[in-house]
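So you can see what is in the structure, the chains are spelled out below.
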Amino acid sequence: DAGVIQSPRHEVTEMGQEVTLRCKPISGHNSLFWYRQTMMRGLELLIYFNNNVPIDDSGMPEDRFSAKMPNASFSTLKIQPSEPRDSAVYFCASKSHAADYGYTFGSGTRLTVV
Amino acid sequence: GQQLNQSPQSMFIQEGEDVSMNCTSSSIFNTWLWYKQDPGEGPVLLIALYKAGELTSNGRLTAQFGITRKDSFLNISASIPSDVGIYFCAGQLIGSARQLTFGSGTQLTVLP
């Protein structure tokens with residue numbers, strides 16, 4: 001089991017550029033979550049999907065953020081245009097409906113917007 | 001915003017000492033979880049608690065689900081250098097779907 005795979009691991013971009021973060025959940029997991037981690041705000045849930053359908057996107061900070069899950073094995077989080085305050089570590093996590101709690105997290109993407 | 005109060009924020013201890021950290025909330029939780037995050041990695045689940053009063057151990061780790069369902073603690077006995085990291089509590093609020101609420105984390109440093 002390769003776990004939850006995120007790419008890239010690090011991203012440095014200039015303000016105003018579009019950023020796309022990618023996630024491959026564990027095969028067979030039905031729920032996928034995008035989190036953002038900063039020193040000031042800790043781990044914040046941005047959006048989560050069940051069976052590829054967005055269920056709750058109330059954590060998405062602004063319209064500049066969007067997320068998609070076109071199929072069960074792939075999700076993207078896009079920021080357009082990016083701003084310096086978007087700098088953070090973005091985590092993807094997945095979970096099986098059949099299992100008790102305990103999301104499996106990816107290793108994260110460290111985003112720096114300069 | 002955050003609905004879990006986790007303390008302490010950071011701890012510096014000597015190798016071999018025991019450690020205790022806790023989370024409290026004004027809300028009732030169905031489930032409490034404890035995660036550890038190593039530098040540059042995502043959080044990894046350590047212990048899951050599903051019933052009020054439940055006490056669960058995982059090696060040198062012991063966690064309890066408070067009777068009021070509003071708190072939980074994690075104890076680490078005989079700490080070792082690899083215990084260094086950030087420990088997060090997380091819980092599922094009653095009435096919420098599958099999403100978890102995370103505490104702000106406890107940064108643990110173990111001194112040799």
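Look a little higher up for the structure.
Residues numbered from 1 in each chain as written. Chains lettered and ligands numbered in written order. Predicted model: local features only at pLDDT ≥ 70, side-chain atom pairs only at ≥ 80, totals over all residues. Heavy atoms only, no water.

**Let's talk about the environment of A:A2**
Then, in step 1: Structurally, A:A2 is set in the segment before β1 (5–7).
Then, in step 2: According to the relative accessible area criterion, A:A2 is exposed, its value standing at 65%. (Helix = DSSP H or I, 4+ residues; strand = E, 2+ residues; numbered from the N terminus. Buried < 20%, exposed > 50% of the residue type's maximum accessible area, 1.4 Å probe, protein only.)

**Re the pairing of strand β7 (residues 61–65) of chain B**
All names here are of chain B.
Then, in step 1: Taking every second residue as pointing to the same face, the buried face of β7 carries L61, A63 and F65, while none of T62 and Q64 on the other face is buried.
Then, in step 2: The sheet contact formed by strand β6 (residues 55–58) and β7 spans four bridges and is antiparallel. By the bridge assignment for β7, T56 is matched with A63.
Then, in step 3: Hairpin connection of β6 to β7: two residues between the antiparallel strands, including G59 at a positive phi of 65°. (Pairing = 2+ DSSP bridges.)

**Topic: the interface of chain B and chain A**
Then, in step 1: Facing the 18 residues of chain B at the interface are 21 residues of chain A.
Then, in step 2: Summed over both partners, the interface of chain B with chain A comes to about 1600 Å²; 53% of that surface belongs to carbon and sulfur atoms.
Then, in step 3: If you look at where chain B meets chain A, you find six residue pairs in polar contact (both at pLDDT 80 or more).
Then, in step 4: If you list the elements that add at least two residues to the side of chain B that touches chain A, you get β4 (29–37) and β9 (85–93) of chain B. (Contact = heavy atoms within 4.5 Å. Buried area = accessible area lost by both parts, 1.4 Å probe. Polar contact = N/O pair within 3.5 Å; in protein donor to acceptor, adjacent residues only side chain to side chain.)

**Points about the layout of surface pockets**
Then, in step 1: In this structure, the largest pocket spans a volume of roughly 690 Å³.
Then, in step 2: Of all the secondary-structure elements, those providing two or more residues to the lining of the largest pocket are β4 (31–38), β9 (88–95) and β11 (109–113) of chain A together with β9 and β11 (106–111) of chain B.
Then, in step 3: Looking at which element gives the most residues to the lining of the largest pocket, the answer is β11(A), with four residues.
Then, in step 4: When the residues that make up the lining of the largest pocket are grouped by side-chain class, the tally is nine nonpolar, 18 polar and five charged. (1 Å grid on protein atoms, 1.4 Å probe; cavity = no way out; pocket = protein on both sides within 12 Å on 5 of 7 lines; lining within 4 Å. Points joined across faces, edges and corners; volume = space filled by probe spheres on them. Nonpolar A, V, L, I, M, F, W, Y, C, P; charged D, E, K, R; others polar.)

**A few points about the state of the cysteines**
Then, in step 1: According to the stated counting rule, one finds two disulfides over all chains in the structure shown.
Then, in step 2: The side chain of A:C23 participates in a disulfide bridge whose partner is A:C92; the two sulfur atoms lie 1.9 Å from each other. Here A:C23 and A:C92 share a disulfide; its torsion about the S-S bond, -65°, makes the bridge left-handed. Placement of A:C23 in strand β3 (residues 19–24) and of A:C92 in strand β9 is noted, with a sequence separation of 69 residues between them. One exposure class covers both A:C23 and A:C92, and it is buried.
Then, in step 3: Between the sulfur of B:C23 and that of B:C89 lies a disulfide, 1.7 Å long from S to S. Looking down the S-S bond of the B:C23 and B:C89 bridge, the torsion is -80°, so its handedness is left-handed. Of this pair, B:C23 sits in strand β3 (residues 19–24) while B:C89 sits in strand β9, and the two are 66 residues apart along the sequence.
Then, in step 4: Assessed through its relative accessible area of 0%, B:C23 is described here as buried. (Disulfide = S-S within 2.5 Å.)

The quantities given are spatial measurements derived from coordinates; they are silent on function.
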